[in-house]
Amino acid sequence: MMSAQPLASPTSGLLLQAFDAIAAAGGDPQAVALKRLAYLRQQIETDPLPFFAELRAYRPILVTPLAAIVAQFRGVEEILHRETEFSVQWYVPHMTGVIGPFILSLDVTQAYDHDKAAMQLVVRREDLGRIQAITAQVAGAAVEAAADDDDLVWAHIQEALRFQPVNPLVIRILTEDYLLGAGTPHATTLPKGLLVFAGAWSAMFDDQVTAAPEDFDVTRPASSYLHFAAGQHACFGRCISQVQVTQILKPLLKLKGLTAAAPPVYAGTFPDQLLVGLAG
Ligand code: HEM
């Protein structure tokens, strides 16, 4: 005999019902809040896309006492462009341990402007061609030289990354009370001090912005992607990454039977190694 399954309601999906059930069961408020956060984390670490779909549909701005998670493209974009209200201070302890003091953990102050200006002097757009050539030479020598359509290779890479991004969430802390999504049905005032997860991965599956998001489509406009975040803190190395990652992967992708030999290895926050092999 089949066991009865809970039904999705018009205001919630099954995964959100399970999330709500944690609070409904009651108990010590702090323990309940931690359990709810653990549930969110588990969804994101195991099979996030169905959960993100429920969030976008029913709770685009989901607030708990410990943190909020924002799931639609427009909400994520708003957070990333409001760097005064959504501070990057959360990164200070988390990044300092990995790479020392880093511009991404500085709010937009004189110190930030100073570091960014220094980077702009050193990292010059006109060097991109040389970076591309050096990376092509090194990566090509390591595997097998390949000369193909770089733009098309990059289009495949960024579309593949949409399904499995390096940065699924961008993290901020609110410096003041803030009305997110003003003028929309889900407008929500978030309190000062709240930890906010801007769901970049979820946002890239938002069908209000991205047509047929479940399809693998390499013709999407660049504005569909949030791999490098957005706003003042958008990745400074994005143009370099585009040419480097393309040149590194191009020869590898030509190999028949290429497989991941093991899950990626992380150095702290950052992915460091991915061992690959050849099947057969
Ligand atoms: C595929 C590779 C890369 C990815 C996916 C990536 C992703 C990101 C993301 C998502 C952010 C913004 C985080 C936030 O707003 O909280 C960021 C910031 C940053 N990235 Fe990258 N990055 C990559 C490679 C690089 C490289 C190669 C460099 C240096 C050459 C670099 C330098 C930076 C810097 C300096 C910032 C901070 C910018 C600021 O705070 O104004 N990144 N990156």
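In this text, all values refer to a predicted model and were calculated from it rather than measured experimentally. (Residues numbered from 1 in each chain as written. Predicted model: local features only at pLDDT ≥ 70, side-chain atom pairs only at ≥ 80, totals over all residues.)

A.B. asks: Before we go on, may I ask you to explain the nonpolar core in this structure?
C.D. replies: One recurring pattern in soluble globular proteins is that nonpolar side chains are buried together. In terms of nonpolar packing, the biggest core is built from 29 residues, with Ala68, Val70, Val76, Val196, Ala198 and Ala200 touching the most fellow members. Broken down by secondary-structure element, the contributors of at least two residues to this core are helix H3 (48-58), strand S1 (61-63), strand S2 (67-70), helix H4 (73-81), strand S4 (170-174), strand S5 (178-180), strand S7 (195-198) and helix H9 (200-203). Take this core: its biggest share by element is four residues, from H4. Apart from residues lying up to four places away in sequence, Ala68 is in contact with Ile61, Leu62, Val63, Leu190, Leu194, Val196 and Phe197. (Core = buried A, V, L, I, M, F, W, Y, C linked by C-beta atoms within 7 Å. Buried ≥ 20, exposed ≤ 12 C-beta atoms within 10 Å, placed from the backbone. Helix = DSSP H or I, 4+ residues; strand = E, 2+ residues; numbered from the N terminus. Contact = placed C-beta atoms within 7 Å.)

A.B. asks: What exactly am I supposed to notice about the site of the ligand here?
C.D. replies: Close to the ligand lie 18 residues; Ala229, His233, Cys235, Phe236 and Gly237 are nearest. At three residues, helix H10 (residues 238-253) tops the list of elements feeding residues into the shell around the ligand. A per-class count over the shell around the ligand returns 11 nonpolar, six polar and one charged. (Near = placed C-beta within 6 Å. Nonpolar A, V, L, I, M, F, W, Y, C, P; charged D, E, K, R; others polar.)

A.B. asks: Mind showing me how you'd approach the sheet that holds S2 here?
C.D. replies: Strand pairing within a sheet occurs via backbone hydrogen bonds; the two strands may be parallel or antiparallel. One open sheet accounts for five strands, arranged S1-S2-S7-S4-S3; its pairing is mixed. Unpaired on one side and paired on the other, S1 and strand S3 (86-87) mark the two borders of the sheet. The sheet contact formed by S1 and S2 spans three bridges and is antiparallel. Residue Ile61 lies in a different strand from S2, and its bridge partner there is Val70. (Pairing = 2+ DSSP bridges.)

A.B. asks: What is the right way to read helix H8 (residues 150-163) from this model?
C.D. replies: Owing to its 3.6 residues per turn, the α-helix brings residues three or four apart onto one side. Taking 1.5 Å per residue as the helical rise, H8 with its 14 residues ought to reach 20 Å, and the 20 Å between its terminal C-alpha atoms agrees with that figure. Of the positions making up H8, those classed as buried are Ile157, Gln158 and Arg162. The buried residues of H8 occupy an angular sector of 145° when the element is viewed end-on, so they sit on one face. (Expected span 1.5 Å × (residues − 1). Arc of directions from axis to C-beta.)

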